[in-house]
There are 2 protein chains.
Amino acid sequence: MVFDNLVAQIKYKKSFLCVGLDPDMNKMPDCFPKSLEGIYDFLTEIIDATKNFCIAYKLNIAFFEVFGSKGWDLLEKILAYLPASHFIIADAKRGDISHSAEKYAQTFFETYSFDALTVSGYLGIDSLEPFFSYKDKSVIILGLTSNSGSQDFQQKLVHNSISILDPTFLFYELLISSCANHFNYKQAMFVVGATKSYAIQSIRNLVSKNFLLIPGIGAQGGNLEEVIKEGKNRYGGLIINVGRDIMYASNQNNFGEIAYQKAQDYQQKMALFMK
Amino acid sequence: MVFDNLVAQIKYKKSFLCVGLDPDMNKMPDCFPKSLEGIYDFLTEIIDATKNFCIAYKLNIAFFEVFGSKGWDLLEKILAYLPASHFIIADAKRGDISHSAEKYAQTFFETYSFDALTVSGYLGIDSLEPFFSYKDKSVIILGLTSNSGSQDFQQKLVHNSISILDPTFLFYELLISSCANHFNYKQAMFVVGATKSYAIQSIRNLVSKNFLLIPGIGAQGGNLEEVIKEGKNRYGGLIINVGRDIMYASNQNNFGEIAYQKAQDYQQKMALFMK
């Protein structure tokens with residue numbers, strides 16, 4: 001069971017760390033050629049440098065897809081290289097209805113064997129069913145994102161009925177609690193941006209058991225301590241993603257050592273909050 | 001300009017018809033081998049049979065992506081085959097923030113040269129900016145979908161402020177009007193399911209100039225006449241997608257003739273509403 005393995009890894013490694021892999025030729029250390037082969041060599045070194053300190057890897061599909069079919073071949077090679085012990089997330093934010101949702105689920109859970117996929121829940125509960133039908137996979141639903149535009153729609157006041165006399169929620173609260181009520185907590189996880197630590201507390205009050213995937217630590221400025229204090233639960237409950245601050249911490253030949261040190265540093269800070 | 005070409009085509013052909021290409025090996029006519037080559041041959045015959053009657057093609061990316069990198073190669077070959085005169089839509093429903101959104105835009109507008117891409121607006125206006133930065137491309141934002149789950153979130157009552165005393169909207173109305181206010185009407189289009197013809201009228205009251213992409217005609221049961229009466233505007237304003245009812249109307253050797261007849265039939269019904 002993927003969930004149980006994730007929980008065990010967090011306890012064993014005393015870490016919530018997920019390393020985000022967003023390969024960008026223009027940011028890679030200068031020692032690598034600006035080619036797909038260069039990206040492969042760079043990513044495998046980052047994986048080697050960080051795997052002892054992290055419990056998950058998140059592959060940002062946008063950064064592979066942009067290379068067309070060759071990018072998907074690269075994705076497949078990176079997947080094959082990643083350690084089987086880790087929780088492997090496709091950050092693809094897919095979302096569609098019926099047959100299309102089935103195909104997206106098949107893509108990431110069969111064609112490519114990810115443990116988890118990020119999805120948009122906007123289209124409704126029935127649009128998520130095909131993803132959840134893979135019982136040993138996790139489905140990470142977009143809740144509240146770290147961008148300023150999250151106030152445009154996600155943070156609007158909404159009624160869970162046709163009467164404005166009924167109680168209001170913030171839209172992302174309604175979405176998260178509806179999904180958590182409908183799906184098993186071992187499968188349903190939620191994306192919550194680290195730059196919104198006040199929201200992590202309110203979401204924890206709504207969903208005590210589900211895991212939260214937290215991007216926005218590091219380059220985006222989220223506060224690690226606040227996130228852990230507000231977000232952790234009895235299972236661990238947090239997958240804290242750090243991307244640029246590890247991958248692109250150095251563009252010199254020592255990038256691997258620096259990534260190792262950064263990942264170790266994050267893990268040690270996280271360990272302070274683990275019994 | 002893609003918009004002007006779309007408007008001209010609608011007038012010239014007296015058609016709103018978009019043919020949806022959702023290739024599924026298990027539904028193809030028996031005369032094709034169940035392989036990617038079989039899909040290519042099938043799709044090109046469907047394109048030949050329908051191109052005189054339709055103004056657009058919508059490629060459902062889920063049905064290509066499921067084959068991994070080979071599916072993207074197929075997508076590229078189909079794109080190369082499609083007539084340059086038509087409006088070519090990537091139905092991919094992408095949506096992410098900042099750098100990731102930039103990569104998705106680059107994927108569909110540069111790596112693959114689509115005219116338009118379907119996107120999710122849930123993450124906010126700033127998440128859509130990278131797509132709109134391609135000034136000669138159209139961005140088709142998910143509004144109201146045709147599934148029953150659209151009531152879970154899209155149809156909730158919402159306030160456009162922090163006060164519950166302020167007027168309410170349905171969530172999809174707020175999303176559509178916000179996006180229409182922010183982006184040029186020649187670029188911003190909206191997905192509205194044909195099974196919700198009451199909604200098409202209300203959306204037309206909010207956005208008089210923007211195009212609506214209407215799926216759900218045919219197999220999903222939407223009413224063509226109602227959709228056109230409520231939805232058309234001075235530019236045409238409608239892209240009406242028909243998928244299964246044309247592609248899979250016959251699984252015999254005569255599938256091409258049947259697709260031709262079906263497409264012609266839709267176009268003739270549509271022409272009744274054009275001056």
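The preceding data block contains the structure.
Residues numbered from 1 in each chain as written. Chains lettered and ligands numbered in written order. Predicted model: local features only at pLDDT ≥ 70, side-chain atom pairs only at ≥ 80, totals over all residues.

Any chance you could explain the overall build of chain A here in plain terms?
A tally of helices and strands in chain A yields eleven helices and ten strands. Taking 2.2 N^0.38 as the reference for a compact globule, 275 residues should give roughly 19 Å; the C-alpha atoms of chain A span a radius of gyration of 18 Å, in line with that estimate. Dimensions of chain A along its principal axes, counting C-alpha atoms only, are 60 × 45 × 35 Å. Buried residues in chain A amount to 53% of all 275 residues. (Helix = DSSP H or I, 4+ residues; strand = E, 2+ residues; numbered from the N terminus. Rg over C-alpha atoms; globule rule 2.2 N^0.38 Å. Buried ≥ 20, exposed ≤ 12 C-beta atoms within 10 Å, placed from the backbone.)

Please explain the environment of Val19(A) as it appears in this structure.
Residues and elements named next belong to chain A. By the element assignment, valine 19 lies in strand S1 (residues 17–21). Each C-alpha atom of the pair valine 19 and cysteine 31 lies 21 Å from the other, and the pair is twelve residues apart in sequence. When sequence neighbours within four positions are dropped, the list of residues in contact with valine 19 reads Thr50, Cys54, Tyr57, Val242, Ile246 and Ala263. (Contact = placed C-beta atoms within 7 Å.)

How should the packing of helix H2 (residues 36–50) of chain B against helix H11 (residues 255–271) of chain B be read in this particular structure?
Packed helix pairs are specified by the crossing angle of their axes together with the interaxial distance, meaning the distance between the axes. Residues and elements named next belong to chain B. Two numbers describe how H2 lies on H11: the axes approach to 8 Å, and their chain directions differ by 40°. Taken together, the axes of H2 and H11 lie oblique to each other. As for how H2 packs across H11, the hand of that crossing is right-handed. Contacts between H2 and H11 involve Glu45, Ile46, Ala49 and Thr50 on the former and, on the latter, Gly256, Ala259, Tyr260 and Ala263. Here the contact of H2 with H11 is built from residues that sort into five nonpolar, two polar and one charged. (Axes fitted to C-alpha atoms, helices over the stretch in contact; angles between N-to-C directions. Parallel < 35°, antiparallel > 145°, perpendicular 65-115°, else oblique. Left-handed = near helix turned anticlockwise from the far one by under 90°. Nonpolar A, V, L, I, M, F, W, Y, C, P; charged D, E, K, R; others polar.)

What is the right way to look at the pairing of strand S1 (residues 17–21) of chain B in this model?
Put simply, side chains in a regular strand alternate between the two faces of the sheet. Residues and elements named next belong to chain B. Counting buried positions over the five residues of S1 gives five, a clear majority of the element. Note: S1 against strand S10 (residues 238–242), three bridges, orientation parallel. Considered in S10, the bridge of valine 19 is made with valine 242. Where S1 and strand S2 (residues 56–60) come together, four bridges link them in parallel fashion. By the bridge assignment for S2, glycine 20 is matched with lysine 58. Note on the crossover from S1 through H2 to S2: the handedness is right-handed. (Pairing = 2+ DSSP bridges. Right-handed = clockwise from strand over helix to strand, strands pointing away.)

Explain unusual backbone geometry here, please?
Trans peptide bonds make up the majority, and among non-glycine residues the majority have a negative phi. One non-glycine residue with positive phi stands out, namely Lys93(A), at about 50°. Position of Lys93(A) among the secondary structure elements: in strand S3 (residues 87–94).

Is there a simple way to explain the interface of chain A and chain B in this structure?
Where interface size is quoted, it is often the accessible area lost as the parts come together. Each partner contributes residues to the interface: chain A has 50 residues there, and chain B has 50 residues. Those elements that place two or more of their residues in the side of chain A that touches chain B are helix H3 (62–65), helix H4 (69–81), helix H5 (98–111), helix H6 (125–132), strand S6 (157–159) and helix H7 (171–182) of chain A. Among the elements that make up the side of chain A that touches chain B, the one with the highest residue count is H5(A) (seven residues). Partitioned by chemical class, the residues of the side of chain A that touches chain B number 18 nonpolar, 23 polar and nine charged.

In this structure, what is going on with H6(A)? I would like to understand it.
Residues lying three or four places apart along an α-helix face the same way, a consequence of the helix completing one turn every 3.6 residues. Those residues of H6(A) that sit buried are Ile125(A), Ser127(A), Leu128(A), Pro130(A) and Phe131(A). For H6(A), the secondary structure elements touched by its buried residues are H5, strand S4 (116–119), strand S5 (138–144) and H7 of chain A.

Looking at this model, I keep getting lost on the relation of the copies chain A and chain B. Mind explaining?
The relation between the two chain copies is a rotation about an axis coupled with a shift along that axis. After a rotation of 180° and a shift along the axis of 0.0 Å, chain A superposes on chain B with an RMSD of 0.0 Å. Considering both components of the superposition, the chain copies are consistent with a two-fold axis. Interface residue correspondence from chain A to chain B reaches 100%, placing this contact among same-surface, isologous pairings. (Least-squares fit on C-alpha atoms with pLDDT ≥ 70 in both.)

In this structure, what is going on with the nonpolar core? I would like to understand it.
Burial of nonpolar side chains together is a common tendency in soluble globular proteins. Leu17(A), Ile140(A), Leu17(B) and Ile140(B) are the most contacted members of the largest nonpolar core, which has 185 residues in total. Apart from residues lying up to four places away in sequence, Leu17(A) is in contact with Phe53(A), Cys54(A), Ile55(A), Ile240(A), Val242(A), Ala263(A), Tyr266(A), Gln267(A) and Met270(A). (Core = buried A, V, L, I, M, F, W, Y, C linked by C-beta atoms within 7 Å.)

Which parts of the structure should I look at to understand the environment of Ser100(A)?
Along the chain, Ser100(A) falls in helix H5. Overall, the presence of 23 C-beta atoms within 10 Å leaves Ser100(A) in the buried class. Linking Ser100(A) and Gln261(A), residues 161 residues apart in sequence, is a C-alpha distance of 42 Å. Excluding anything up to four places from it in sequence, Ser100(A) contacts Asn60(B) and Ala62(B).

Looking at this model, I keep getting lost on the sheet that holds S6(A). Mind explaining?
With respect to topology, four strands assemble into an open sheet ordered S7(A)-S6(A)-S6(B)-S7(B), the strand pairing being antiparallel. Each edge of the sheet is formed by a strand with only one pairing partner; in this case those strands are strand S7 (168–170) of chain A together with strand S7 (168–170) of chain B. In this sheet, adjacent strand axes meet at a mean angle of 40° when their direction is disregarded. Bridging between S6(A) and strand S6 (residues 157–159) of chain B involves three bridges; their strand directions are antiparallel. Bridging from a neighbouring strand, Val158(A) pairs with Val158(B) of S6(B). Relative to the sheet, H7(A) contacts S6 and S7 of chain A together with S6 of chain B, its axis offset from that of S7(A) by approximately 90°.

Would you mind going over the environment of Leu36(B) with me for this structure?
Residue and element names in this part refer to chain B. With respect to the element layout, leucine 36 can be found in helix H2. Separated by 209 residues in sequence, leucine 36 and aspartate 245 place their C-alpha atoms 22 Å apart. Each residue touching leucine 36, except ones within four places of it in the same chain, is listed here: Phe67, Lys70 and Leu74.

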